[in-house]
Amino acid sequence: MPRGKRRPTAEMGSSEDDRHSSKRQRNAYQTSQSSRRYNKVDDAFSQKRCLTWFHEYTTPDDPDTLGPDGMEKFCEDIGVEPENVAMLVLAYKMGARQMGFFTQCEWLKGLTDLQCDTAGKVQCKLDYLRNLLNDPNAFKTIYRYAYDFARDKDQRSMDIETAKAMLQLLLGKHWPLYAQFAQFLEQSKYKVINKDQWCNILEFSRTISNDLTNYDVDGAWPVMLDEFVEWLRLLRSQSTIS
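Residues numbered from 1 in each chain as written. Predicted model: local features only at pLDDT ≥ 70, side-chain atom pairs only at ≥ 80, totals over all residues. Heavy atoms only, no water.

Identification of the chain as Defective in cullin neddylation protein from Aedes albopictus is taken from an unreviewed UniProt entry. Regarding the chain, the UniProt comment filed under Subcellular location (unreviewed entry) reads as follows: "Nucleus". (UniProt positions renumbered as here; feature names shortened; annotations may be inferred.)

Here it is as structure tokens:
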């Protein structure tokens, strides 16, 4: 009688299952490693991708400049308002010369420094950009940059409406006397602010106490700030009397 086929024992079945399981694990590991390698390549900054992204916001008539319409779309894509302070810091990182515009060179400079070539990567940097303002030295540099960035390039001084908007953006939340200073500007004769006045406003906000007791009227402050102190003291004395 011929010998019948040997039936696999439970041990043999278990061994075969182990081999299949091991193979599945190896395949899963290799897929995982391959995915990680792909993601690392995808996450690496690409100047080509950065430039392609830039041209999504330009027009055929001016392919080297991102203008106001493109800026609005760019802000939508990264999820911030154009007036957000993070946009000012981003412009500073780019070395942008004119508000509402980024040149191709400025775009590449800033986004290469930040290693960003997609909207998602810029979104991940927004907190970093805002936090730069927490450093006093960085804040001072950005504050001074804001003057030349925001003023009309045809004028040597900044018009008062632009100045108030920029002061609100930079000092509105940090200077307790900002509301009074804005009120003073509203009723004053000033139509423009020059750079010396602009820089001294920051110094005033940092060094002069809210009760103005350490303000020296014989100091080297601009006349504008002398007038503000006189105006605020008068306002406070009238409030006390009433």
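Enquirer: Quick question: what am I supposed to make of the layout of surface pockets here?
Expert: Any empty space left between atoms is shown by rolling a water-sized probe over those atoms. One number sums up the size of the largest pocket: a volume of about 340 Å³. In terms of lining, the largest pocket is formed by 18 residues, of which the most central are P82, E83, M87, M99 and F149. Elements that contribute at least two residues to the lining of the largest pocket include exactly α3 (68-78), α4 (85-94) and α8 (160-171). Counting residues per element, the lining of the largest pocket draws most heavily on α8, which supplies four residues. Looking at the lining of the largest pocket, its residues break down into 13 nonpolar, four polar and one charged. A domain split of the lining of the largest pocket shows at least three residues from each of domain 1 (47-134) and domain 2 (156-241). (1 Å grid on protein atoms, 1.4 Å probe; cavity = no way out; pocket = protein on both sides within 12 Å on 5 of 7 lines; lining within 4 Å. Points joined across faces, edges and corners; volume = space filled by probe spheres on them. Helix = DSSP H or I, 4+ residues; strand = E, 2+ residues; numbered from the N terminus. Nonpolar A, V, L, I, M, F, W, Y, C, P; charged D, E, K, R; others polar. Domains from an automatic or database assignment.)

Enquirer: Is there a simple way to think about the packing of aromatic side chains in this case?
Expert: What describes a pair of aromatic rings is the distance from one ring centre to the other and the angle between the planes of the rings. Per the stated rule, a full pass over the model turns up 25 aromatic pairs. Judged by centre distance (5.3 Å) and plane angle (65°), the rings of F74 and W107 are edge-to-face. Of this pair, F74 sits in helix α3 while W107 sits in helix α5 (residues 104-114), and the two are 33 residues apart along the sequence. The buried category is assigned to W107, whose relative accessible area is 0%. (Phe/Tyr/Trp six-rings, centres within 6.5 Å; stacked < 30°, edge-to-face > 60°. Buried < 20%, exposed > 50% of the residue type's maximum accessible area, 1.4 Å probe, protein only.)

Enquirer: I tried to follow the packing of α4 against helix α7 (residues 136-150) on my own but got confused; where do I start?
Expert: Two packed helices can be described by the angle between their axes and the distance between those axes. Packing of α4 against α7 brings their axes to within 10 Å, and their N-to-C directions diverge by 85°. In this view, α4 runs roughly perpendicular relative to α7, as classed from their interaxial angle. Here α4 contributes L88, V89, A91 and Y92 to the contact with α7, which in turn contributes T141, I142, Y145, A146 and F149. (Axes fitted to C-alpha atoms, helices over the stretch in contact; angles between N-to-C directions. Parallel < 35°, antiparallel > 145°, perpendicular 65-115°, else oblique. Contact = heavy atoms within 4.5 Å.)

Enquirer: What am I meant to see in the pattern of salt bridges here?
Expert: Should their charged atoms come close, side chains of opposite charge can pair. Throughout the structure, instances matching the rule amount to 10 salt bridges. In this structure, D117 and K121 form a salt bridge, with 2.9 Å as the shortest nitrogen-oxygen distance. The exposure classification of D117 matches that of K121, with both residues buried. D127 serves as the salt-bridge partner of R130, at 3.3 Å between the closest nitrogen and oxygen. Linking R130 with D127, this pair stays in helix α6 (residues 119-131), spanning three residues, or about one helical turn. Residue classification places D127 among the exposed positions, given a relative accessible area of 52%. When salt bridges that share partners are traced, they join R49, D117 and K121 into one network. (Salt bridge = Lys/Arg side-chain N within 4 Å of Asp/Glu carboxyl O.)

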